[in-house]
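A structural walkthrough
Next come the chains, spelled out residue by residue.
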Amino acid sequence: MQHKSITYIKYPLIVISIALCVSGIRWLISSEPWILDQVANEERLQMTFDDLFLIEGNSTLSEYLTQIYRFLGLYVLGIGFLLLSFTPNKFLEIYIVRKRLLTVLGILLVSNMVLAYIWIPSSHFIYLMWGSIVLYFFSLYNHIKL
């Protein structure tokens, strides 16, 4: 029974990890990564990116945004790989490791959701976050049940 519960904790975490890795890679390889969430970003800026780049003094802004999004992509990819590295059964069978992993992941997911609703409520990434939270609660439920 314990092995089955560990499996129900493990696979949702793997799916969340893969989603993080794919998102990170997308930000790393996109030529204009801020466009991946263009509607929400332009809504937050209250102007289009074309208008923003036309403003005098903003000639290097696109390179700066690329740099910022590359760092974001690197960190998201890193968090995805880190989470993935803690999904083998040997780690998840250790109660304190599982508890801390789920606690930190829960704080990260909920705080990201709150910030997304405050700053970029029209972002399509909110759907991905809700999916991750549902998977997280499935893992958390099975952790508590174990």
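From a predicted model like this one, the values you see are computed outputs, not experimental measurements.

A look at helix α7 (residues 125-145)
Here α7 is 21 residues long and its end C-alpha atoms lie 30 Å apart, about the 30 Å a rise of 1.5 Å per residue gives. If you check which residues of α7 are buried, you get Phe 125, Ile 126, Met 129, Ser 132, Ile 133, Tyr 136, Ser 139, Asn 142 and His 143.

Observations regarding the nonpolar core
In this structure, Leu 13, Leu 92, Leu 105, Met 129 and Tyr 136 are the most contacted members of the largest nonpolar core, which totals 24 residues. Elements with a contribution of two residues or more to this core: α1 (2-29), α3 (49-54), α4 (61-85), α6 (95-119) and α7. A per-element tally of this core places α6 first, with six residues. If near-sequence neighbours (up to four positions away) are discounted, Tyr 136 is found in contact with Ile 16, Leu 102, Thr 103, Leu 105, Gly 106 and Leu 109.

Quick word on the layout of surface pockets
Roughly 940 Å³ of internal volume is contained in the largest pocket. Along the wall of the largest pocket there are 34 residues; nearest its centre are Trp 27, Leu 72, Asn 112, Ile 120 and Met 129. Split into classes, the residues belonging to the lining of the largest pocket amount to 27 nonpolar, five polar and two charged. Of the voids in this model, the second largest pocket is the one considered here, and its volume is about 210 Å³. In terms of lining, the second largest pocket is formed by Leu 20, Ile 79, Leu 82, Leu 83, Phe 86, Val 97, Arg 100, Leu 101, Val 104, Leu 105 and Leu 108.

What about a nonpolar patch on the surface?
Together, Val 110, Val 114, Leu 115, Ile 118 and Trp 119 give the surface a local cluster of nonpolar side chains, amounting to about 460 Å² of exposed area. Val 110 sits in the partly exposed class, given a relative accessible area of 44%.

Quick word on the side chain of Asn 142
Examined against the element boundaries, Asn 142 turns out to sit in helix α7. What makes Asn 142 buried here is its relative accessible area of 2%. In contact with Asn 142, other than residues within four places in its own chain, are Ser 5, Tyr 8 and Ile 9.

A word on the packing of aromatic side chains
The full count for this structure, using the stated rule, is seven aromatic pairs. Residues Trp 34 and Phe 53 carry aromatic rings whose centres are separated by 5.8 Å and whose planes lie at 75 degrees to one another, so their mutual orientation is edge-to-face. With Trp 34 in the loop between α1 and α2 (38-45) and Phe 53 in helix α3, this residue pair connects regions lying 19 residues apart in the sequence. Overall, Trp 34 belongs to the buried group, its relative accessible area being 2%. Using a relative accessible area of 25% as the deciding quantity, one classes Phe 53 as partly exposed.

The rules behind the values
Residues numbered from 1 in each chain as written. Predicted model: local features only at pLDDT ≥ 70, side-chain atom pairs only at ≥ 80, totals over all residues. Heavy atoms only, no water. Helix = DSSP H or I, 4+ residues; strand = E, 2+ residues; numbered from the N terminus. Expected span 1.5 Å × (residues − 1). Buried < 20%, exposed > 50% of the residue type's maximum accessible area, 1.4 Å probe, protein only. Core = buried A, V, L, I, M, F, W, Y, C linked by side-chain atoms within 4.5 Å. Contact = heavy atoms within 4.5 Å. 1 Å grid on protein atoms, 1.4 Å probe; cavity = no way out; pocket = protein on both sides within 12 Å on 5 of 7 lines; lining within 4 Å. Points joined across faces, edges and corners; volume = space filled by probe spheres on them. Nonpolar A, V, L, I, M, F, W, Y, C, P; charged D, E, K, R; others polar. Patch = residues over 30% accessible without salt bridge, like charges linked within 9 Å, V, L, I, M, F, W, Y side chains within 5 Å. Areas by Shrake-Rupley, 256 points an atom, 1.4 Å probe, with all protein chains shown as cover. Salt bridge = Lys/Arg side-chain N within 4 Å of Asp/Glu carboxyl O. Phe/Tyr/Trp six-rings, centres within 6.5 Å; stacked < 30°, edge-to-face > 60°.

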